[in-house]
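If you want the building blocks of each chain, they are given just below.
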Amino acid sequence: MCEPDWKPALLGSLLFFGMLITLPILPCLADRYGRKRFFIAGRIVEFLMYSVMMFTTSWYIMAAIMLGFGMTSTTRLTIGITYLVELFPKKRQTTLLVVFFSESALTYTLCTIYFWKLGKDWFDFVVVGYTVCAIALMLSFLIPESPRTLFALGKIDEGK
């Protein structure tokens, strides 16, 4: 059965719509209550969505997952970048951001090469993302709360 053209196009749009929904809300809450909990919550939700995405055959579930990935991208990108940059001295922050965004660019490049030259099965590619997501989730529990956030919240002793 043929599907209308708008269905696959909507999946990409839902990702950006999810970001649009959460950008005015989540960063403000993270500033108020601490970035670590929002960062980890986003990783957990992303891991669960990856788990469902690998086995779903429903377009509607996939649409909900793409919306969710957009919503969690705010925790990973906007909150996460600020959170991680605050853990490094100012002289290392530029290097950290270059590495962070180079990883994203490399991922898109490898995705293009994979589907162009290596294979057409999306499942193999998603397994890589799933594995990286699982590792990032486990490692995120080891990162302390940002000292700047602790100082701003009045937790001076914990921030030191």
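Residues numbered from 1 in each chain as written. Predicted model: local features only at pLDDT ≥ 70, side-chain atom pairs only at ≥ 80, totals over all residues. Heavy atoms only, no water.

Novice: Hey, could you run me through the environment of Leu137 in this one?
Specialist: Locating Leu137 in the fold gives a position in helix 6 (residues 122-140). For Leu137, a relative accessible area of 12% gives the class buried. In the structure, Leu137 is positioned 57 residues away from Gly80 in sequence and 12 Å away in space, judged by C-alpha atoms. (Helix = DSSP H or I, 4+ residues; strand = E, 2+ residues; numbered from the N terminus. Buried < 20%, exposed > 50% of the residue type's maximum accessible area, 1.4 Å probe, protein only.)

Novice: What exactly am I supposed to notice about the packing of aromatic side chains here?
Specialist: Under the criterion given, the structure shown has ten aromatic pairs. One aromatic cluster is present, built from ring pairs that chain together Phe47, Tyr50, Phe69 and Tyr130. The positively charged end of Arg43 is found above the aromatic ring belonging to Phe39, 4.9 Å away from the centroid. (Phe/Tyr/Trp six-rings, centres within 6.5 Å; stacked < 30°, edge-to-face > 60°. Lys NZ or Arg CZ within 6 Å of the ring centre and 35° of its normal.)

Novice: I tried to follow the side chain of Arg35 on my own but got confused; where do I start?
Specialist: Looking at where Arg35 falls in the secondary structure, it is placed in helix 3 (residues 35-53). Ignoring sequence-local partners within four residues, the contact set of Arg35 consists of Ala30, Ile79, Thr82, Tyr83, Glu86, Glu145 and Thr149. (Contact = heavy atoms within 4.5 Å.)

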